[in-house]
Amino acid sequence: MSIAPIGIFGGTFDPVHYGHLRLAQELGELLRLAEVRIIPAGTPPHRAAPQVTAEQRLEMTRLAVAGNPLLAVDDREVRRSGPGYTIDTLTELRRQLGPSRPLCLLLGADAFLELATWHRWHDLFGLAHLVIAHRPGFPPESWPARMPEPLAREYSARLLRQPFGVHLSPAGGIVTQAIAALDISASMIRDSLTRGVSPRYLLPDPVLDYIGRNNLYVTQEVNETR
Ligand code: ATP
């Protein structure tokens, strides 16, 4: 019998919200993953410095998944110093889990369309399958026009007809999957908090309570020009 794949779900989670959590829950169940490891980024390579500390983003993610046996939080990127690249995280996980366990890197469609800007992105396919979740604003019909040529080539060569194909080999395939369409983003939540408008019901209450207790996101966003 094959061993169920492990899902790896990275992001800034600044803060974690129901868009992230439904993605992890639905892909974990639909693809029958053994578990989904949520891995908050330390110092993210792709974006401006986040407003709260990595430790705080990690803690909010822990609060969000507490009691859910399918979802686990992995703190390796926060513990690592310097920019955390997905390729390094997957290399480390592959070393720990052995060569035959299937790994699935879970991504929203917006993140997938940016993949060709990632450090050593071609090498990701040697370490994991890619599972792309639909996201409002990035409908699949718009992907061909938004994918740079090298990514489009990989996409058409690697697309698996059958999602359970991810159980049959350790890495290298691409699967796309519709999930509940939740037009929620962390930036929308940060904006609400800065404007003094409640983002309640867009993220779990324990996360919102933590934000309130620690007075997070009350000032303007830090951006690259500062
Ligand atoms: P921000 O608004 O700060 O850019 P975000 O809400 O997009 O943040 P990230 O932490 O950057 O959140 O995203 C982590 C991963 O979750 C990415 O792969 C992203 O595509 C996916 N994701 C985030 N929100 C959603 C959503 N509402 N639906 C589907 N995928 C999502």
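So, a few notes on the structure that sits alongside this text. (Residues numbered from 1 in each chain as written. Predicted model: local features only at pLDDT ≥ 70, side-chain atom pairs only at ≥ 80, totals over all residues. Heavy atoms only, no water.)

## Focus on the site of the ligand
Looking at the ligand, there are 22 residues lining it, with His-17, Asp-110, Leu-182, Ala-186 and Ser-187 nearest. Within the side chain of Arg-135, an N or O atom sits 2.9 Å from an oxygen atom of the ligand. Between the ligand and Ser-187, the relevant distance is 2.6 Å, taken from an oxygen atom to a side-chain nitrogen or oxygen of the residue. Notes on the ligand: free accessible area 610 Å², of which the protein chains cover 89%. (Near = heavy atom within 4 Å. Polar contact = N/O pair within 3.5 Å; in protein donor to acceptor, adjacent residues only side chain to side chain. Areas by Shrake-Rupley, 256 points an atom, 1.4 Å probe, with all protein chains shown as cover.)

## Digging into the packing of aromatic side chains
Using the criterion set out here, one finds five aromatic pairs in the structure. Ring centres of Phe-112 and Trp-143 lie 6.4 Å apart, and the angle between their planes is 55°; on these two criteria the pair is classed as tilted. Of the two residues, Phe-112 sits in helix H5 (residues 109-113) while Trp-143 sits in helix H7 (residues 143-146), which places them 31 residues apart along the sequence. A residue is classified by how much of its surface remains accessible, and Trp-143, at 1% relative accessible area, is buried. With centroids separated by 6.4 Å and ring planes inclined at 75°, the aromatic side chains of Trp-121 and Phe-125 adopt a geometry described as edge-to-face. Classification of Phe-125 as buried rests on a relative accessible area of 3%. (Phe/Tyr/Trp six-rings, centres within 6.5 Å; stacked < 30°, edge-to-face > 60°. Helix = DSSP H or I, 4+ residues; strand = E, 2+ residues; numbered from the N terminus. Buried < 20%, exposed > 50% of the residue type's maximum accessible area, 1.4 Å probe, protein only.)

## Some remarks on the layout of surface pockets
Estimated volume of the largest pocket: approximately 1,100 Å³. Of all the secondary-structure elements, those providing two or more residues to the lining of the largest pocket are strand S1 (6-11), helix H1 (18-30), helix H4 (86-97), strand S4 (103-108), H5 and helix H9 (186-195). (1 Å grid on protein atoms, 1.4 Å probe; cavity = no way out; pocket = protein on both sides within 12 Å on 5 of 7 lines; lining within 4 Å. Points joined across faces, edges and corners; volume = space filled by probe spheres on them.)

## With respect to the environment of Trp-121
One can find Trp-121 in helix H6 (residues 121-124). Sequence spacing of Trp-121 and Leu-151 is 30 residues, and the spatial spacing of their C-alpha atoms is 9.5 Å. Among all residues touching Trp-121, those that are not within four sequence positions of it are Leu-115, Ala-116, Pro-150, Leu-151 and Glu-154. (Contact = heavy atoms within 4.5 Å.)

## Some remarks on the pattern of salt bridges
For the structure shown, the criterion picks out twelve salt bridges. Here Arg-135 makes a salt bridge to Asp-110, at a shortest N to O gap of 3.0 Å. Taken together, the residues span a long stretch of sequence, with Arg-135 in the loop between strand S5 (129-133) and H7 and Asp-110 in helix H5 at a distance of 25 residues. Relative accessible area serves as the criterion here: at 26%, Arg-135 is assigned to the partly exposed category. Of the charged contacts in the structure, one is a salt bridge between Asp-123 and Arg-120, with a shortest N-O distance of 2.9 Å. A residue is classified by how much of its surface remains accessible, and Asp-123, at 36% relative accessible area, is partly exposed. In this structure Arg-120 comes out as partly exposed when scored by relative accessible area, which is 44%. (Salt bridge = Lys/Arg side-chain N within 4 Å of Asp/Glu carboxyl O.)

## Remarks on helix H2 (residues 54-65)
The terminal C-alpha atoms of H2 lie 17 Å apart, and with twelve residues this matches the ideal 16 Å at 1.5 Å per residue to within 8%. Buried within H2 are the following residues: Gln-56, Arg-57, Leu-58, Met-60, Thr-61, Ala-64 and Val-65. For H2, the secondary structure elements touched by its buried residues are H1, strand S2 (35-40), strand S3 (71-73), helix H3 (76-79) and helix H10 (205-213). (Expected span 1.5 Å × (residues − 1).)

## So, the nonpolar core
Looking at soluble globular proteins, one finds that nonpolar side chains tend to be buried together. In terms of nonpolar packing, the biggest core is built from 34 residues, with Phe-9, Val-36, Ile-38, Met-60, Leu-71, Leu-106 and Ile-211 touching the most fellow members. Of all the secondary structure elements, the ones that give two or more residues to this core are H1, S2, H2, S4, S5, H9 and H10. Residue contacts for Met-60: discarding those within four places in its chain leaves Pro-15, Val-16, Val-52, Val-207, Tyr-210, Ile-211, Leu-216 and Tyr-217. (Core = buried A, V, L, I, M, F, W, Y, C linked by side-chain atoms within 4.5 Å.)

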